Amino acid sequence: MPKNTLSVTDNRTGKQYELPIDSGTIRAVDLRQIKLAEGDQGLETYDPGFLNTAACRSAISFIDGDKGILRYRGYPIEQLAERSTFLESAYLLLNGELPSAAELDSWVFNITHHTIVHESIKKFIDGFHHDAHPMGMFVSTVAALSTFYPEAKHIHDETSRRNQIFRLIAKAPTLAAFAHRHSVGLPYAYPDNDLSYTGNFLNMMFKTTEVKYAPNKTLERALDVLLILHADHEQNCSTSAMRGVGSSHADPYSAMAAAAAALYGPLHGGANEEVLKSLREIGSKDRIPAYIDRVKRGEFRLFGFGHRIYKNYDPRATIIKRIAEEVFDVTGKNPLIDIAVELERIALQDDYFVSRKLYPNVDFYSGIIYEAMKFPIDMFPVLFAIGRTPGWLAQWQEMLLDKDQKIARPRQIYTGPEKRDYVPIEHRG
Ligand code: ACO
């Protein structure tokens, strides 16, 4: 009977160790016993970017990067995109199970009735420069919410946690839309509780003089599916930020502001914005080969391509391509789609991309749809943040309830000078 252990020989000392294997991992702290001498700190692992280190156990989302599989709480993303709604999927992520009809009604009611923000938030947003990036405004106003709800710091109180979860999911679209309205100089449009989550978001974004905004049903549903696709994605950069900041027991608004800040980067949620800029820069299909050559020369990356985990097609990108067709039936075709499809075709025949297993990720096509729906480019990462909010909160809550978790505090390999004595300024060369 094979043992579930790993035998290690330290060739520096000749000593042997047996380390337990659990869930396909060894515990990094078990390496500490491997020492050169009594009193030394013992062996550590070095893993910049966490390429091969599990920092938690999680039951929320599952990815098989080689097979292109994504599941929320066991449910395939394709089925959720086809049959669920964003708020139902959010409930699933946070609670572990699909809701009953009564649970869903109560959940939707609670989210719908927390969409209004304090009037002072408007003053806060008014303080931003007219050309402030909406993601900067979003990150800041999410952080500012913690000052409006000081009880949010009671993170071990289940009722308080639940209230902040309602508020964050409900208010994220309001903050996002207000940031947009500030950018374009339109008066803020208040939430309309008669509308669905995404219908109301479209209302707050685009309502002008009409008494009642009537969202287009196809666009409302397309946006809902896009949010489902972005709702969680295991331990990505922004989720790790959420868990990392949350591990110091900061309130969820502060932790989510950090997560949204991490998402803003072009290697993560900021990629959808970069994709659109690239497609516009390329401008026509005949210029694609020259653009790809520049990527291969290392001048810049092909945004919307590549993923740390997916080494096969990102299943979300497949669904998004389908939604694009439905949206274009309503909005008319975004001409950038032809460039994107051709860019993908050429890239996927090129050894540079094939050998590195670089496929389109969720962000490659999402921006083209958002643009067709009249969202400005700089709103793209904000849309991603609205979608990811339930995932961040589910992961934050899971982290708080996990007895194994401690404050996140990685080790380092010190590479600075040895101890040396202070030199008075007049004696320095
Ligand atoms: N364009 C060109 N080359 C790329 C790209 C790309 N988009 N992505 C990776 N590579 C190359 C790297 O240069 C490297 O090549 P090398 O081995 O010759 O040095 C190799 O592929 C591996 O790349 P890494 O950066 O080591 O891969 P990593 O897993 O760390 O990065 C990431 C993943 C950040 C997503 C990367 O693929 C990337 O920068 N993509 C573009 C940005 C993007 O689309 N981000 C969105 C990701 S999805 C999301 O956050 C929702």
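All values reported here derive from a predicted model rather than from experimental measurement.

In contact at an axis separation of 8 Å, helix H9 (residues 237–246) and helix H10 (residues 252–264) are set at 150° when each is read in the N-to-C sense. Accordingly, the angle class assigned to the pair H9 and H10 is roughly antiparallel. The hand of the H9/H10 crossing is right-handed. Across the interface between the two elements, Cys 237, Ser 238, Ala 241, Met 242, Val 245 and Gly 246 from H9 touch Pro 252, Ser 254, Ala 255, Met 256, Ala 258, Ala 259, Ala 262 and Leu 263 from H10. Taken together, the residues of the contact of H9 with H10 break down into eleven nonpolar, three polar and no charged.

We now examine helix H4 (residues 119–126). For H4, the full list of buried residues reads Ile 121, Lys 122 and Ile 125. Projected onto a plane normal to the axis of H4, the buried residues spread over an arc of 105° and lie on a single side. Lining the buried residues of H4 we find helix H5 (134–148) and helix H6 (158–184).

This brings us to the pairing of strand E4 (residues 69–72). Of the two faces of E4, the one holding Leu 70 and Tyr 72 is buried and the one holding Ile 69 and Arg 71 is not buried anywhere. In this sheet, E4 lies alongside strand E3 (residues 61–64) in antiparallel orientation, the contact comprising four bridges. Bridging from a neighbouring strand, Ile 63 pairs with Leu 70 of E4. Linking E3 to E4, which pair antiparallel, is a turn of four residues; within it Gly 68 sits at a positive phi near 70°. Where E4 and strand E5 (residues 75–76) come together, two bridges link them in antiparallel fashion. Its bridge partner lying in E5, Arg 71 is registered against Pro 76. Counted between consecutive antiparallel strands, the loop separating E4 from E5 contains two residues, among which Arg 73 sits at a positive phi close to 50°.

The subject of this paragraph is the domain arrangement of the chain. According to the domain assignment, the chain consists of domain 1 (1–45), domain 2 (64–265 + 380–401) and domain 3 (271–372). Computed over C-alpha atoms only, the centres of domain 1 and domain 3 are separated by 44 Å.

Attention shifts here to the site of the ligand. Near the ligand there are 20 residues, and of these His 268, Arg 301, Leu 302, Gly 304 and Arg 308 occur at the shortest range. His 268 has a polar side-chain atom sitting 2.8 Å from an oxygen atom of the ligand. At a separation of 2.8 Å, an oxygen atom of the ligand approaches a polar backbone atom of Gly 304. Of the residues in the shell around the ligand, the class split is eleven nonpolar, five polar and four charged.

Among the eleven residues of helix H16 (residues 362–372), eleven are classified as buried, and the element is accordingly described as predominantly covered. Among the residues making up H16, those that are buried are Val 362, Asp 363, Phe 364, Tyr 365, Ser 366, Gly 367, Ile 368, Ile 369, Tyr 370, Glu 371 and Ala 372. Looking at the buried positions of H16, the neighbouring elements they touch are helix H8 (217–230), helix H11 (271–282), helix H13 (315–331), helix H14 (336–347) and helix H17 (380–401). Once H16 finishes, Lys 374 follows within two positions and takes phi at roughly 80°, a positive value.

Taken as a whole, this structure holds 28 salt bridges when the rule is applied. For Glu 44, the salt bridge is made with Arg 411, and the minimal N-O distance between the two is 3.6 Å. Pair noted here: Glu 44 is in the loop between strand E2 (15–20) and E3 and Arg 411 is in the segment after H17, with a separation of 367 residues, a long-range link. Using a relative accessible area of 32% as the deciding quantity, one classes Glu 44 as partly exposed. Since its relative accessible area comes to 48%, Arg 411 is described here as partly exposed. The salt bridge partner of Glu 342 is Arg 345, with a shortest N-O separation of 2.9 Å.

Thresholds applied
Residues numbered from 1 in each chain as written. Predicted model: local features only at pLDDT ≥ 70, side-chain atom pairs only at ≥ 80, totals over all residues. Heavy atoms only, no water. Axes fitted to C-alpha atoms, helices over the stretch in contact; angles between N-to-C directions. Helix = DSSP H or I, 4+ residues; strand = E, 2+ residues; numbered from the N terminus. Parallel < 35°, antiparallel > 145°, perpendicular 65-115°, else oblique. Left-handed = near helix turned anticlockwise from the far one by under 90°. Contact = heavy atoms within 4.5 Å. Nonpolar A, V, L, I, M, F, W, Y, C, P; charged D, E, K, R; others polar. Buried < 20%, exposed > 50% of the residue type's maximum accessible area, 1.4 Å probe, protein only. Arc of directions from axis to C-beta. Pairing = 2+ DSSP bridges. Domains from an automatic or database assignment. Near = heavy atom within 4 Å. Polar contact = N/O pair within 3.5 Å; in protein donor to acceptor, adjacent residues only side chain to side chain. Salt bridge = Lys/Arg side-chain N within 4 Å of Asp/Glu carboxyl O.

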